[in-house]
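Examination of the molecular architecture
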Amino acid sequence: MSSLTTPSLSPAARLRGLKPDWLADPKVWRTEVLAGLVVALALIPEAISFSVIAGVDPALGLFASFTMAVTIAVVGGRRAMISAATGAVALVIAPLNREHGLGHLVAAVILAGLFQVVLGALGMAKLMRFIPRSVMVGFVNSLAVLIFMAQVPEMRDVPWAVYPLIAGGLALMVLFPRITTVVPAPLVSIVILTAITVGAAIAVPTVGDKGALPSSLPVPGLPDVPFTLDTLTTIAPYAFAMALVGLMESLMTAKLVDDITDTPSNKTRESVGQGIANIVTGLFGGMGGCAMIGQTMINVKVSGARTRLSTFLAGAFLMVLCVAFGPIVSDIPMAALVAVMVMVSFATFDWHSVAPGTLRRMPAGEIAVMVITVVCVVATHNLAIGVVVGSVTAMVVFARRVARFADVTSVTGPDGATVVHRVTGELFFASSNDLVGRFDYANDPDHVVIDLSAAHIWDASSVAALDAIGAKYARRGKTVEITGLNDPSARLHGRLTGELAAEH
């Protein structure tokens, strides 16, 4: 008699099974390496621009992008997502730097990281479930608009040669993938346009015009501030705002990457990882950051990266390019990077959401939420404000829609001594407030039955409304009997009835 056994694997086979995808598959490795290089090139002008917004030396933005990317590649919860210095974080901390100096800014970055670790451990990532699809679509579309708008200054008051260079870069990125996808089209575009401008000595704005690149690696150290309660109270509001904005952008971007790649991510780990990355960044004197949608789209959607290797190499290549190849990188024309980002904005926008057929079928409330989200983000250049306003609007739209389904139908008994009011729908603050006015207190018979078998009580407002109805009948000497409560409704009603104000 034979028994079924699982064949044992050799040590070599077990090691092969433990290898990450990028190490086991040379094709994946090549994709990840080239994607990291493209992202690193795209990070340089962005990091310098955000440093200007924050009012700090460009090197601090580049250091932040390096430490954020390398750290989050190890501790983050979303593979292939790029974190670096961002405009949203720069906007939050710029006033602190302007009023109190660089030491307070760096201290705020470290404190923001601590806040993010705590918020992540407390489960803030679970709040993502309350963000509706219409807000998510608005978030994506507003990101695409912001990415494009960020390129507009690079196309104003520039030499005429910039425009054909941008057009040529776009053409290369559209046509080159039809020849081969072995090398990312954005990298080919950057190399060819740089070769043309340098070889032909075409005078156009370059990366070097944005600011001087660092010539050495960052050195760790503590911020130069007095460690007092006064310092803490000064930086805490900015740090908390940065923590919230950074987590919201990172979690929304992670969800977007989940949808694009059809793979899950650990949002709690990502939240804590963002905190750790900001702590590390602060200790190296960086300006802090969070997930970057534009560079993430380059990495995931344009270049096809899927592992942590691309994220790590984006940060590593960034420093290598700045420190070892600074003069070469400085010669890259801004037109090449503008073309890449314009292509990213086009690919990011959800064109299906604004198609005439979609707009005809979509409820007006859903369209309004999407539009409000986009308008708020574009107007404020703050993704967090847009998402919050859009989510609140969606909740109001939902509450109004659900409240309309609450109804009361009345049937008087054959003897005329009893009336049964059958309540249907969801009873909560938006619907229960109108419930009190749906009964004929003066003309109803002495025995009133309120049948709630087709309804559900959700909150204290509904219990208070039922108490108010009972009180109005009681003042006229009539009795009220409530029937049909399901178990959760009965428990809530039993706990709160008589404890709330009966009058409305």
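Per chain, the residues get numbers from 1 upward, laid out in the order the sequence is written. The predicted origin of the model limits local features to residues at a pLDDT of at least 70 and limits the giving and counting of side-chain atom pairs to 80 or more, whereas totals for whole chains, interfaces and linings rest on all residues. Where side-chain values are given, they derive from all heavy atoms of the structure, hydrogens and water being excluded.

Points about the environment of Met-155
With respect to the helices and strands, the residue Met-155 is situated in the loop between helix H7 (133-151) and helix H8 (162-179). C-alpha of Met-155 to C-alpha of Ile-298: the two residues are 143 residues apart in sequence and 21 Å apart in space. The contact rule is simple, with two residues in contact once any of their heavy atoms fall within 4.5 Å. Contact partners of Met-155, with chain neighbours within four places excluded, come to Tyr-163, Ile-166 and Val-338. Going along the chain from the N terminus, every DSSP run of H or I of four or more residues is numbered as a helix, and every run of E of two or more is numbered as a strand.

Some thoughts on the pairing of strand E3 (residues 407-412)
The rule for pairing is simple: two strands pair if DSSP sees at least two bridges between them. Relative to strand E4 (residues 418-427), E3 runs antiparallel, the two being bridged by six bridges. Counterpart to Val-411 in the pairing with E4 is Val-420. Here E3 folds back onto E4 in antiparallel fashion, the turn holding five residues, of which Gly-416 has a positive phi close to 75°.

Description of the packing of helix H6 (residues 102-121) against helix H10 (residues 229-261)
At a minimum axis distance of 7 Å, the contact between H6 and H10 shows a crossing angle of 55°. Relative to H10, the element H6 lies oblique. As H6 runs across H10, the sense of the crossing is right-handed. Seen from H6, the contacting residues are His-104, Ala-107, Ala-108, Val-109, Leu-111, Ala-112, Phe-115, Gln-116 and Leu-119; seen from H10, they are Thr-231, Leu-232, Thr-234, Ile-235, Ala-236, Ala-239, Phe-240, Met-242, Ala-243, Leu-244, Gly-246 and Leu-247. The residue inventory of the contact of H6 with H10, partitioned by class, reads 16 nonpolar, five polar and no charged. Here an angle of 0 to 180 degrees is reported between the N-to-C directions of two axes, which are lines fitted to C-alpha atoms, with helices fitted over the stretch in contact. Orientation is classified from the angle alone, with under 35 degrees giving roughly parallel, over 145 giving roughly antiparallel, 65 to 115 giving roughly perpendicular, and any other angle giving oblique. Helix crossings get a hand from a simple test, with the near helix turned counterclockwise from the far one by less than a right angle marking a left-handed crossing and a clockwise turn marking a right-handed one. The classification used treats Ala, Val, Leu, Ile, Met, Phe, Trp, Tyr, Cys and Pro as nonpolar, Asp, Glu, Lys and Arg as charged, and all other residues, Gly among them, as polar.

Describing helix H11 (residues 267-283)
Multiply 1.5 Å by the residue count of a helix minus one, and that product is the helix's expected span. The end-to-end C-alpha distance of H11, which contains 17 residues, comes to 24 Å, matching closely the 24 Å that a straight helix rising 1.5 Å per residue would cover. Note on exposure labels: buried denotes an accessible area under 20% of the residue type's maximum, exposed denotes more than 50%, and partly exposed covers the range between, all computed with a 1.4 Å probe on protein chains only. Among all positions of H11, only Lys-267, Glu-270, Ser-271, Gly-273, Gln-274, Gly-275, Ala-277, Asn-278, Ile-279, Thr-281 and Gly-282 are buried. For H11, the secondary structure elements touched by its buried residues are helix H4 (58-75), strand E1 (83-84), H6, H10 and strand E2 (290-291). Throughout this description, a polar contact denotes any pair of N or O atoms lying within 3.5 Å of each other; where both atoms belong to protein, one of them has to be capable of donating a hydrogen while the other can accept it, and for residues adjacent in sequence the pair is counted only when both atoms sit in side chains. A distance of 3.2 Å separates the backbone nitrogen of Thr-268 from a side-chain oxygen at the start of H11, and that oxygen is part of Asn-266. Positive backbone phi, at 80°, marks Gly-285, one or two positions downstream of H11.

Details of empty space enclosed by the protein
Buried and open spaces are told apart on a 1 Å grid over the protein atoms alone, a cavity being a set of points where a 1.4 Å probe fits but cannot get out and a pocket being an open set with protein on both sides within 12 Å along at least five of seven lines. Residues with an atom within 4 Å of a point are the lining residues. Grid points are joined across faces, edges and corners, and a volume is the space filled by probe spheres set on the points. By the definition in use, this model includes one cavity of 30 Å³ or more. Quantified by volume, the largest cavity comes out at close to 40 Å³. Considering the residues around the largest cavity, the lining is formed by Ile-72, Ala-73, Arg-78, Arg-79, Ala-80, Met-81, Ser-83, Glu-270, Arg-308 and Thr-311. Broken down by secondary-structure element, the contributors of at least two residues to the lining of the largest cavity are H4 and helix H13 (308-323). Per-class residue counts for the lining of the largest cavity are four nonpolar, two polar and four charged.

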